[in-house]
Amino acid sequence: MYKETQVMTLLNKYVRILKYNILHLILSEFWVDIAKEFFWKTKHTGQFLDYNFDVTKGEIFVKCMEGATTNICYNVLDRNVHEKKLGDKVAFYWEGNEPGDEKTVTYRELLQEVCKFANVLKLQGVKKGDRVSIYMPMVVELVVAMLACARIGAVHSIVFAGFSAESLCERIIDSQCSLLVTADGFYRGDKLINLKVIADEALEKCRDKSFPVERCIMLKHLSKEEQEASSPGSLSPPAKRSCPDLQVPWNPEVDVCWHSLMEGASDECEPVWCESEDPLFILYTSGSTGKPKGVLHTVSGYMLYTATTFKLVFDYHPDDVYWCTADIGWITGHSYITYGPLANGATSVLFEGLPTYPDVSRMWEIVDKYHVSKFYTAPTAIRLLMKYGSEPVHKYKRSSLKILGTVGEPINPEAWQWYYNVVGDGRCPVVDTFWQTETGGHVLTPLPAATPLKPGSATFPFFGVVPAILNESGEELEGPNEGYLVFKQPWPGVMRTVFGNHQRFETTYFKKFPGFYVTGDGCRRDKDGYYWITGRIDDMLNVSGHLLSTAEVESALVEHEAVAEAAVVGTPHPVKGESLYCFVTLTDGIDYTTTLEAELRKQVREKIGAIATPDYIQNAPGLPKTRSGKIMRRLLRKIASNQQDLGDVSTLADSTVIEQLFENRCCTAL
Ligand code: WT7
């Protein structure tokens, strides 16, 4: 039978072109319509989205709404207060670590505080384009600081408050920040974190590396005096926190107090109008070489994308109370605590504490307390709470809940079912949102009620996102298949570059398969076209929804004088998803002791942060290597999880090391 005649081939080609162009037209109309809901000081001139994703055709770039000028802070605050008359609407219900420690902030109050802090920053000499590091706990002032930067066109670089002094120092220097905003300290459950002590250590390290930071603004979160805290207009709640162990070192040459600066500041501040492609923020994410990458997002595209994904993925309604449990120090908090919800005029819960403090019902208590309707958390939190059964959940009604979201790693069907049936009483759609620091917002996600769900699948691409699955040689696979997850074209919120290193941006994301953005994730497409993320296929680990690179942990280990070589792999963990299993080869003549093991753990924690603390460290007199000397991590993963079926070992230089490693396996975690 005739299938491909000449004329059919021709026709097919034109149908393809037609489809492609109609799609582009609709898409650009879709975004242009959305853009109309925002304020633009000047309109954009060229096409909505311009890009090159093909390294063989020149430099990689993405530009959205070139020629337009706007201000994201103006859009998420002033417009809501003045145009939409939402001044008295609650922007945040702040819920502290300690139950009963709480505060409500309206849109009008938030705008005033942001204007004041923007004036403070200006007085400290911060100008458009300058980078400001923010290292703070989950307090309203963190949102104030980031929006104040955005208001004056400064670029915020938020560093998660769980990172170590070394990590903070590295990020400050990489982004060349002129100022640091931090706080005295905070509680995580019953553990006191002396944040200012760590911040000072980081600044000391910066000085040692000839990068003196001139100013450090410190918020008194714990050390504020009672009458100071309860003064009118203050955002901090009255001090309910007794903390005799708090240490607040003070360096008068560098340090200034948030509160005294704010006292004298005016609450009027004209926003600085920014170009669409001006930088908005830098956020660091682990890189496979070990050095974190400063992911850069720009103003207009990110604003449209986070606002729209928030609205559609959580089916936002004005009377919703939304709660995302992430920390603002991660992209989830940037996009779906600050920018997305505020752009929609939403009311959110901002939670400082932990899901298990003071007990494992805390989340559901908060849901009932604020009548949370849209709830967004991570699989690791679900698995953690699942361990305690349904009783702590059933203690609270949760009848306000309408939609449940998840993000950070693949959710196992068992956790999905528990989330859906126990937390949501089988009546709330679960939106499993796949995205990355780099994507700015959701890229694969169900749309509630519109997408039939399959537990464990992030379902389909969001509007304008075009995924593909490639094999090792870069060929696009059609139909049900498994391979590398890539994207064929940009969407407004995708990252624009790696700060200060555009070449690294091109190499990391675009070099392997020219023409595509490479996510680094493996993915399966089933017969119904659903996408299933299978996990990272590079040297990254996902611990509790946070990416870590094996190289980063290995270099922290080998910095210890006793370690000659280290190899780190991930091993399945029931709550964290993956945990760190480290193999270390010691320098000749050194004995492996429990003291050394404890030192190595401490070393990694101090170099990176508590999230990177290894669960297992194994003495490895020899590592499995190929004849050319490359460590065979595939085999180490098998050893870590005690799987004897090693597959092909023909390239292994010395097979005796394998037996030795199996014999010395660690059986118990930390
Ligand atoms: C990596 C990105 C996006 C905010 C949190 C993490 C994994 C994320 C999912 C999901 C399966 C997921 C991927 C991705 N991931 N969400 N719903 N299903 N995997 O941001 O630190 O940049 O990590 O997290 O592996 O590449 P990130």
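Here, every reference points to the structure presented above.
Note that the structure is a prediction, hence the values are computed from the model and not measured.

1. Comments concerning the pattern of salt bridges
Okay, step 1: Going through the model one piece at a time under the given rule, you end up with 35 salt bridges.
Okay, step 2: A salt bridge links K638 to D645, with the nearest nitrogen and oxygen atoms 3.6 Å apart.
Okay, step 3: Beyond isolated ion pairs, a larger network of salt bridges with shared partners links E95, E102, R362 and K369.

2. Considerations on the packing of helix α5 (residues 165-174) against helix α6 (residues 195-208)
Helix-helix packing is described using two parameters, namely the angle between the two axes and the distance between the axes.
Okay, step 1: Contact geometry for α5 and α6: axes closest at 8 Å, N-to-C directions at 50°. With respect to each other, α5 and α6 are oriented oblique. For α5 against α6, the interelement crossing comes out right-handed. From α5, A165, E166, L168, C169, I172 and I173 reach across to α6, where they touch I198, A199, E201, A202, L203, K205 and C206.
Okay, step 2: Across the contact of α5 with α6, the residue classes break down as 10 nonpolar, no polar and three charged.

3. Side note on the layout of surface pockets
Okay, step 1: The space that makes up the second largest pocket amounts to roughly 830 Å³.
Okay, step 2: Surrounding the second largest pocket, 29 residues form its lining, L23, V466, P467, K488 and Q489 being those nearest its centre.
Okay, step 3: Counting residues per element, the ones that place at least two in the lining of the second largest pocket are α1 (6-35) and β22 (476-477).
Okay, step 4: By residue number, the principal contributor to the lining of the second largest pocket is α1, which donates eight residues.

4. A word on the sheet that holds strand β20 (residues 430-432)
Okay, step 1: The seven strands lie next to each other as β5-β4-β17-β16-β18-β19-β20, forming an open sheet whose pairing is mixed. Both outer strands of the open sheet, β5 (102-106) and β20, are each paired with one neighbouring strand and no more. Sheet twist, expressed as the average angle between the axes of neighbouring strands with direction ignored, equals 20°.
Okay, step 2: Inspection of the sheet shows strand β4 (residues 90-95) paired to strand β17 (residues 347-351) by four bridges, in the parallel sense. The partner of F92 across the bridge, within β17, is S348.
Okay, step 3: Against the sheet, helix α10 (residues 331-343) makes contact with β4, β16 (321-324), β17 and β18 (374-377), and its axis sits at roughly 165° relative to β16, the strand it touches most.

5. Remarks on the side chain of D278
Okay, step 1: Structurally, D278 is set in the loop between β13 (274-275) and β14 (279-285).
Okay, step 2: Within the local environment of D278, its side chain forms a polar contact with the side chain of K128, the two groups lying 2.8 Å apart.
Okay, step 3: Excluding anything up to four places from it in sequence, D278 contacts K128, T298 and V299.

6. Comments concerning the site of the ligand
Okay, step 1: In the vicinity of the ligand there are 19 residues, among which D432, T433, T437, D521 and R536 approach most closely.
Okay, step 2: Between the ligand and the protein, one listed contact pairs a nitrogen atom with a backbone N or O atom of G408 at 3.1 Å.
Okay, step 3: D432 places a side-chain nitrogen or oxygen 2.7 Å from a nitrogen atom of the ligand.
Okay, step 4: Elements with a contribution of two residues or more to the shell around the ligand: α10 and β26 (531-536).
Okay, step 5: In terms of residue class, the shell around the ligand is built from seven nonpolar, seven polar and five charged.

Basis of the calculations
Residues numbered from 1 in each chain as written. Predicted model: local features only at pLDDT ≥ 70, side-chain atom pairs only at ≥ 80, totals over all residues. Heavy atoms only, no water. Salt bridge = Lys/Arg side-chain N within 4 Å of Asp/Glu carboxyl O. Axes fitted to C-alpha atoms, helices over the stretch in contact; angles between N-to-C directions. Helix = DSSP H or I, 4+ residues; strand = E, 2+ residues; numbered from the N terminus. Parallel < 35°, antiparallel > 145°, perpendicular 65-115°, else oblique. Left-handed = near helix turned anticlockwise from the far one by under 90°. Contact = heavy atoms within 4.5 Å. Nonpolar A, V, L, I, M, F, W, Y, C, P; charged D, E, K, R; others polar. 1 Å grid on protein atoms, 1.4 Å probe; cavity = no way out; pocket = protein on both sides within 12 Å on 5 of 7 lines; lining within 4 Å. Points joined across faces, edges and corners; volume = space filled by probe spheres on them. Pairing = 2+ DSSP bridges. Polar contact = N/O pair within 3.5 Å; in protein donor to acceptor, adjacent residues only side chain to side chain. Near = heavy atom within 4 Å.

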